[in-house]
Amino acid sequence: MQLIMFKKLCLYNRNMNRITKKLKAPHKLLSIYFTAGYPKLEDTVEILKRLQDSDVDMVEIGLPYSDPLADGPTIQQSSTQALKNGISTKKLFAQIQDIRQHIEIPLIVMGYFNPMLQYGVSQFCKDVSDIGIDGLIMPDLPYDYWLEHHKDDYEHNNLKHIQLITPQTSKERILEIDKQSEDAFIYMVSSSSTTGSQIGFAQEQLDYFERIGSYNLQTPQIVGFGIKDNETFSQATSHAKGAIIGSAFIKMLSKRGLNGIDGFIKNIRQP
Amino acid sequence: MQLIMFKKLCLYNRNMNRITKKLKAPHKLLSIYFTAGYPKLEDTVEILKRLQDSDVDMVEIGLPYSDPLADGPTIQQSSTQALKNGISTKKLFAQIQDIRQHIEIPLIVMGYFNPMLQYGVSQFCKDVSDIGIDGLIMPDLPYDYWLEHHKDDYEHNNLKHIQLITPQTSKERILEIDKQSEDAFIYMVSSSSTTGSQIGFAQEQLDYFERIGSYNLQTPQIVGFGIKDNETFSQATSHAKGAIIGSAFIKMLSKRGLNGIDGFIKNIRQP
Amino acid sequence: MYNVNEKGFYGEFGGAFIPEMLKPNVDELRENYLKISESEDFQREFHQLLKDYVGRPTPLYFSKRLSEKYQTQIYLKREDLCHTGAHKVNNTIGQILLAQKLGKKRIIAETGAGQHGVATATVCALMGMPCVIYMGAIDIKRQAPNVARMKMLGAKVVAAESGSKTLKDATNEAIRDWINNPEDTHYIIGSVVGPHPFPDMVARFQSVISKEVMKQLKEQSHKSKPDYVLACVGGGSNAAGIYYDFLEDTEVGIIAVEAAGKGVSTGESAATSQLGRQGIIHGSKTLLMQNADGQITEPYSISAGLDYPGIGPMHAHLYASKRAEFISVTDDDAMQAGWELSQLEGIIPAIETAHAFAVFKERKFEPDDVVVINLSGRGDKDLNTYMEYFNL
Amino acid sequence: MYNVNEKGFYGEFGGAFIPEMLKPNVDELRENYLKISESEDFQREFHQLLKDYVGRPTPLYFSKRLSEKYQTQIYLKREDLCHTGAHKVNNTIGQILLAQKLGKKRIIAETGAGQHGVATATVCALMGMPCVIYMGAIDIKRQAPNVARMKMLGAKVVAAESGSKTLKDATNEAIRDWINNPEDTHYIIGSVVGPHPFPDMVARFQSVISKEVMKQLKEQSHKSKPDYVLACVGGGSNAAGIYYDFLEDTEVGIIAVEAAGKGVSTGESAATSQLGRQGIIHGSKTLLMQNADGQITEPYSISAGLDYPGIGPMHAHLYASKRAEFISVTDDDAMQAGWELSQLEGIIPAIETAHAFAVFKERKFEPDDVVVINLSGRGDKDLNTYMEYFNL
Ligand SMILES: Cc1ncc(COP(=O)(O)O)c(C=O)c1O
Ligand SMILES: Cc1ncc(COP(=O)(O)O)c(C=O)c1O
């Protein structure tokens with residue numbers, strides 16, 4: 001019985017991606033990144049539940065990688081710890097196999113391309129889709145390469161490819177990404193930097209948010225990198241549909257553990 | 001009164017050098033080398049007295065040098081120690097200033113050329129001669145250089161230049177040295193080596209002694225390097241007029257002190 | 001056939017698997033590197049510095065005593081005589097000139113053994129440019145003399161404390177720095193690795209080695225080209241340098257020597273071609289050592305410069321296409337070969353380089369074969385290791 | 001006028017003040033060294049090895065940044081790029097070939113900093129000859145990397161425990177060894193010191209430096225000869241090498257730099273020309289540091305290679321005749337000059353060499369002057385000293 005229900009749910013997902021749906025919400029979206037298997041190996045599901053309970057809009061589940069070269073020290077360390085704890089691609093998939101029985105908000109897997117490649121790209125897409133994942137962020141899978149080689153795999157599995165743009169990305173390229181991103185969102189990196197390396201926003205970044213805003217893209221943008229509190233969340237979302245918090249959340253987790261989640265999220269929304 | 005006697009003695013010396021006289025003795029000569037100022041700074045005179053009392057025929061007083069490159073470790077170390085004790089050219093000359101009041105056997109100063117050069121070669125010759133020294137051995141004052149530059153200084157002061165020869169010295173050169181050595185002796189180095197590095201004599205050396213013997217030189221030869229006991233003394237003097245003991249004597253001194261002198265000398269003469 | 005194609009691939013290896021944050025930097029480089037580096041001005045300046053500053057051409061030295069011992073004709077390409085002690089400086093001279101033309105004001109680099117770090121710090125001093133070198137915290141400890149050299153040269157040495165704290169992590173840190181400083185900074189990568197165009201660019205700068213060999217061999221031997229060119233492979237830059245002009249001439253055999261560490265199957269090895277699978281490391285698709293899950297595994301070799309879990313995409317292609325013969329050599333065999341070269345020819349090689357010399361014990365050559373071996377670096381930096389190993 | 005005469009003297013300096021036991025060896029050498037070393041065969045073999053093995057010609061490098069800083073035209077003669085890291089090998093290559101022609105079967109040498117010991121051990125490995133290196137017990141401790149290198153090269157390193165246990169005592173020990181082994185052994189002395197014909201022989205082998213400078217300067221600068229040649233003086237071999245072909249051309253200024261240690265008048269110095277008097281050391285009449293009694297005194301310098309109480313007789317004559325200008329440089333000024341060269345040009349010099357570079361702070365040159373400085377060696381052996389001094 002349960003299995004049939006689950007399959008139906010999946011079928012439903014294939015028709016209308018949860019990300020697409022969520023983006024239609026009238027409010028500014030708060031998305032949280034966390035590293036699977038951290039602080040403890042079996043924390044993954046519990047964290048997801050608590051995030052949903054705190055009214056987070058969307059979650060990026062980090063699939064830890066030995067060499068996360070787009071990440072700063074906080075996420076690196078959490079990845080190293082998670083790997084030591086025993087996380088692996090298969091282990092994560094097993095942990096979240098039934099996740100859609102508990103979690104309704106959109107879920108995105110964020111990882112690096114090599115583990116996906118070793119798993120088999122098609123198989124990876126199929127398996128995450130079966131679990132109920134809605135999209136993937138693979139920072140080192142370049143947009144053009146994805147377009148040429150893996151777009152089909154994503155589409156067959158109703159997975160969104162979330163593409164990063166940075167202050168250095170040309171307008172031309174942004175417009176092209178906008179066209180290809182369809183009903184997903186664009187991950188707007190607040191500055192050219194690794195995760196966790198920003199301290200608030202400077203005028204430069206605000207100008208950049210505004211510039212992108214002026215392009216009137218069809219795809220909503222969600223800002224990532226450098227958001228850590230109510231102030232930066234407000235700044236980021238004044239020009240974008242939402243914002244992602246990663247390093248600041250991991251730091252909180254490593255200090256206060258899972259019980260800190262609710263307070264942290266509330267603080268972001270309402271200080 | 002004393003001074004006048006001393007001067008007369010010197011005058012006598014100038015007429016007939018003590019070395020020349022000693023070489024006419026019928027027996028094989030035993031000459032001893034010791035380092036001035038060793039083991040203690042003020043031992044010099046006492047060692048000379050004891051050597052004469054033990055019936056040694058001739059003594060070489062080593063004037064210590066910082067860089068005695070013709071000497072092996074034993075004599076080097078005694079020189080280093082003597083310099084530390086405070087010996088210097090002037091100090092030695094002061095110590096032995098009145099030596100001819102006590103000592104009648106021939107005395108030779110053995111040293112290196114640089115201290116002599118710094119003292120002034122002429123002055124050095126004059127001063128040692130005034131003291132009553134009969135000859136000089138300066139291993140690093142080459143024969144030809146001496147001939148050209150310093151022969152006169154020696155002759156004016158009735159000082160003998162004692163020239164070394166080695167197994168590698170050519171017959172031609174030996175014959176020339178023989179001619180120039182007049183009433184002194186030739187210092188026949190038992191093998192090409194630094195002092196103290198021989199352990200007894202091999203056939204090679206005995207052959208060399210014999211070869212030199214066969215030249216029928218007018219100048220007597222005294223063998224040095226490698227003589228340390230009755231056996232080597234007998235071997236060396238079977239082909240030469242006498243032999244010099246250096247390192248073995250210094251070793252004895254450093255072990256047994258001045259009281260060992262008489263026994264050591266007796267042992268050489270009569271085991 | 002064996003060189004890079006217009007998309008930045010060697011066969012199926014290569015490419016530029018980089019985060020979007022790096023794209024402008026890498027694009028700028030890709031669009032300009034050939035235009036600049038092939039220009040007459042650049043070539044003149046580059047070769048002038050190689051001659052007057054680096055000391056090129058390095059000799060091609062016929063090793064009489066090794067040749068007698070192994071009954072073949074062994075020539076040594078003397079990269080050990082380059083300023084700073086290894087071939088690495090050929091590349092850093094090229095890249096610093098390029099960085100200047102691109103208007104860059106700051107240089108970063110990664111280093112393992114410290115040779116590339118020293119070579120980078122050196123050219124930065126020469127050009128008066130600030131320089132930050134990333135180096136694994138563990139390597140900083142085991143390569144103290146090179147750390148001191150970098151500091152003497154005015155470079156800032158930053159310890160990579162992440163991951164295994166060795167070369168791969170230093171590379172990650174350098175890439176992170178580049179991401180964080182996309183406009184004024186050039187990243188001088190130290191081998192034929194990283195995203196396109198790095199492998200091709202570095203190989204071209206190092207190709208001066210094979211060009212010289214070609215000319216020198218004609219003057220010095222009875223053959224106009226070698227029967228074999230032979231080099232150790234860490235990332236693969238010294239190998240790329242000595243292979244380069246012979247890549248398409250299949251009459252010239254190519255031999256690549258990898259570090260087997262304590263033995264290929266001991267779990268402590270860096271023999272990538274034997275132990276690796278296709279994957280992505282530092283922005284390029286190549287062979288690399290990884291677990292089933294695609295996590296990069298930590299290699300091991302006694303030599304810090306071969307202690308890298310990947311190889312350049314050119315080498316992956318040479319391996320896959322069987323154009324090159326791959327041989328792996330244990331720590332012990334390499335150390336013995338270093339000892340032998342020291343005692344027979346009076347040349348103490350870097351331990352990386354010593355691996356290449358161990359081939360003669362493993363593989364026979366014909367008496368008439370001309371084997372040119374890249375003597376990629378000198379052993380001054382490795383004296384401590386040699387002393388401990390041989391109890392000197 | 002400034003070179004050696006047929007009796008082995010430079011003015012009143014030189015000669016062969018040796019014990020009779022050394023006469024056959026020294027005579028053999030004196031009678032043969034020119035005949036052999038000037039022969040066509042020898043020259044061909046010598047220059048072949050200098051080219052293919054040592055890496056000559058070494059570059060003459062125009063130092064743009066130093067020239068700008070000191071407002072004159074500064075060229076560096078890059079002996080640091082020689083195999084083994086200093087000019088010393090030019091001489092050891094020459095002497096090992098000579099020893100072979102003389103039928104010698106065993107080599108001995110003295111060493112202070114270890115550079116000459118390494119250069120000797122190297123050529124002995126190359127020629128397969130047994131080799132014993134004498135080194136002061138104290139120097140063995142402070143130059144550990146070079147001791148390791150000598151051992152790697154198969155040399156036996158013997159500690160000189162006599163006297164002050166440094167270079168002069170190592171030289172005494174080597175001379176003693178030669179006395180004890182007069183027939184089969186050649187003593188490769190490491191500088192332009194010792195009895196005639198050593199100073200002349202070593203100077204001739206090193207003169208390849210000035211010959212190259214002459215040729216290179218014509219190609220590279222607007223002048224056909226330098227206004228000044230400049231070098232540090234320990235025994236004086238690198239200086240002799242760069243002065244040699246300019247000795248008689250008094251339009252070329254000659255500058256010699258000695259180590260003042262902590263200061264010429266502190267009692268801890270090695271500034272021989274300032275502190276020395278005429279005397280005899282290691283078989284030659286020259287200037288040397290000695291007390292009133294003619295005992296040789298112990299010099300001091302931070303650099304083990306300048307820590308010698310004498311200078312070669314050629315240099316004593318250049319000093320006495322005022323042909324050369326002598327400048328002395330303290331430890332501190334030398335270390336700062338080494339630092340400056342590292343930071344400005346990316347070249348870490350040996351601390352010996354660094355002394356020569358300190359001259360620019362002390363002495364002005366005209367903007368148009370061409371000053372050629374002998375960069376006699378690289379600083380790899382000195383990293384520990386630099387690290388401690390600069391707290392790196
Ligand atoms: C002397 C030497 N040879 C070889 C290597 C390996 O690098 P590559 O394979 O890029 O030549 C290194 C790296 O540090 C090195 O120092
Ligand atoms: C690099 C270097 N320069 C100079 C010297 C001093 O010797 P010389 O005066 O004979 O050139 C040494 C001696 O070890 C040295 O290693």
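Residues numbered from 1 in each chain as written. Chains lettered and ligands numbered in written order. Predicted model: local features only at pLDDT ≥ 70, side-chain atom pairs only at ≥ 80, totals over all residues. Heavy atoms only, no water.

When its secondary structure is counted, chain A shows 14 helices and nine strands. Computed over its C-alpha atoms, the radius of gyration of chain A comes to 17 Å, within 12% of the 18 Å expected for a compact globule of 271 residues. Taken over the C-alpha atoms alone, chain A extends approximately 55 × 40 × 35 Å along its principal axes. Across the 271 residues in chain A, those meeting the buried criterion constitute 63%. Contacts spanning at least 24 positions in sequence make up 76% of the contacts within chain A whose residues lie at least 6 apart. (Helix = DSSP H or I, 4+ residues; strand = E, 2+ residues; numbered from the N terminus. Rg over C-alpha atoms; globule rule 2.2 N^0.38 Å. Buried < 20%, exposed > 50% of the residue type's maximum accessible area, 1.4 Å probe, protein only. Contact = heavy atoms within 4.5 Å.)

The next point concerns the packing of aromatic side chains. The description of an aromatic ring pair uses the distance of the two centres, along with the angle that the planes make with each other. Residue and element names in this part refer to chain B. Inspection of every chain in the model, using the stated rule, returns 54 aromatic pairs over all chains. Pairing Phe93 with Tyr119 gives two aromatic rings, centres 5.3 Å apart and planes at 70 degrees, and the pair type is edge-to-face. Remark: Tyr119 occurs in helix α6 (residues 113-119) and Phe93 occurs in helix α5 (residues 89-95); sequence separation between them is 26 residues. The class for Phe93 is buried, based on a relative accessible area of 6%. (Phe/Tyr/Trp six-rings, centres within 6.5 Å; stacked < 30°, edge-to-face > 60°.)

The subject of this paragraph is the packing of helix α5 (residues 115-127) of chain C against helix α7 (residues 144-152) of chain C. Residues and elements named next belong to chain C. Axis separation between α5 and α7 bottoms out at 9 Å; the angle between their running directions is 10 degrees. Between α5 and α7, the interaxial angle falls into the category roughly parallel. For the pair formed by α5 and α7, the contact residues are Gln115, Gly117, Val118 and Ala121 on the first element and Asn146, Arg149 and Met150 on the second. A breakdown of the residues in the contact of α5 with α7 according to their chemical character gives three nonpolar, three polar and one charged. (Axes fitted to C-alpha atoms, helices over the stretch in contact; angles between N-to-C directions. Parallel < 35°, antiparallel > 145°, perpendicular 65-115°, else oblique. Nonpolar A, V, L, I, M, F, W, Y, C, P; charged D, E, K, R; others polar.)

This part is about the pattern of salt bridges. Under the definition given, this model contains 91 salt bridges over all chains. Arg56(C) serves as the salt-bridge partner of Glu79(C), at 2.7 Å between the closest nitrogen and oxygen. Placement of the pair is Glu79(C) in the loop between β4 (73-77) and α4 (88-101) and Arg56(C) in the loop between α2 (40-54) and β3 (60-62), with a sequence separation of 23 residues. Classification of Glu79(C) as buried rests on a relative accessible area of 0%. Taking relative accessible area as the criterion, Arg56(C) reaches 5% and is therefore assigned buried. With a closest N to O distance of 3.6 Å, Arg378(D) and Asp380(C) form a salt bridge. Here Arg378(D), found in the loop between β14 (370-374) and α17 (383-390), pairs with Asp380(C), found in the loop between β14 (370-374) and α17 (383-390), and the two come from separate chains. By the burial criterion, Arg378(D) is buried, and Asp380(C) matches it. (Salt bridge = Lys/Arg side-chain N within 4 Å of Asp/Glu carboxyl O.)

Before going further, it helps to spend a moment on the sheet that holds strand β8 (residues 185-187) of chain C. Residues and elements named next belong to chain C. Pairing within the open sheet is parallel, and its four strands lie in the order β7-β6-β5-β8. Pairing within the sheet leaves two strands with one partner each, and these edge strands are β7 (156-160) and β8. Within the sheet, the average angular offset between the axes of one strand and its neighbour, ignoring direction, is 25 degrees. Bridge analysis of strand β5 (residues 106-111) against β8 gives three bridges, and the strand direction is parallel. Its bridge partner lying in β8, Ile108 is registered against Tyr187. (Pairing = 2+ DSSP bridges.)

Here we come to the sheet that holds β14(D). All names here are of chain D. Sheet architecture is open: six strands sit in the order β3-β4-β14-β9-β10-β13, paired in mixed fashion. Two strands lie at the open edges of the sheet, namely β3 (60-62) and β13 (324-330), each paired on one side alone. Ignoring which end each strand starts from, the neighbouring axes of this sheet average 25 degrees apart. As paired strands, β3 and strand β4 (residues 73-77) are joined by three bridges and run antiparallel to one another. Across the sheet, Phe62 pairs through a bridge with Tyr75, a residue of β4. Relative to β13, helix α14 (residues 331-345) is tilted by about 95 degrees, and along the sheet it contacts β3, β4, β10 (253-261) and β13.

Another aspect to go through is the side chain of Lys88(C). Within the secondary structure layout, Lys88(C) lies in helix α4. In this structure the side chain of Lys88(C) is engaged in a polar contact, spanning 3.1 Å, whose partner is the backbone oxygen of Gly190(C). (Polar contact = N/O pair within 3.5 Å; in protein donor to acceptor, adjacent residues only side chain to side chain.)

Taken together, the contact between chain A and chain C spans 37 residues of the former and 34 residues of the latter. The contact between chain A and chain C buries some 2800 Å² in all, and 51% of this surface belongs to carbon and sulfur atoms. It is Asp67(A), Leu69(A) and Gln118(A) in chain A that bury the most area against chain C; as a group they hold 22% of the surface buried on that side. Taken together, the links from chain A to chain C amount to three salt bridges. With its nearest N and O atoms 3.5 Å apart, the salt bridge here joins Lys7(C) to Glu148(A). Seen at the junction of chain A and chain C, the total is 21 residue pairs in polar contact (both at pLDDT 80 or more). Contributions of two or more residues to the side of chain A that touches chain C are made by α4 (73-85), α5 (89-95), α6 (113-119), α8 (143-149) and β6 (163-165) of chain A. Of the residues assigned to the side of chain A that touches chain C, the class counts are 16 nonpolar, 14 polar and seven charged. (Buried area = accessible area lost by both parts, 1.4 Å probe.)

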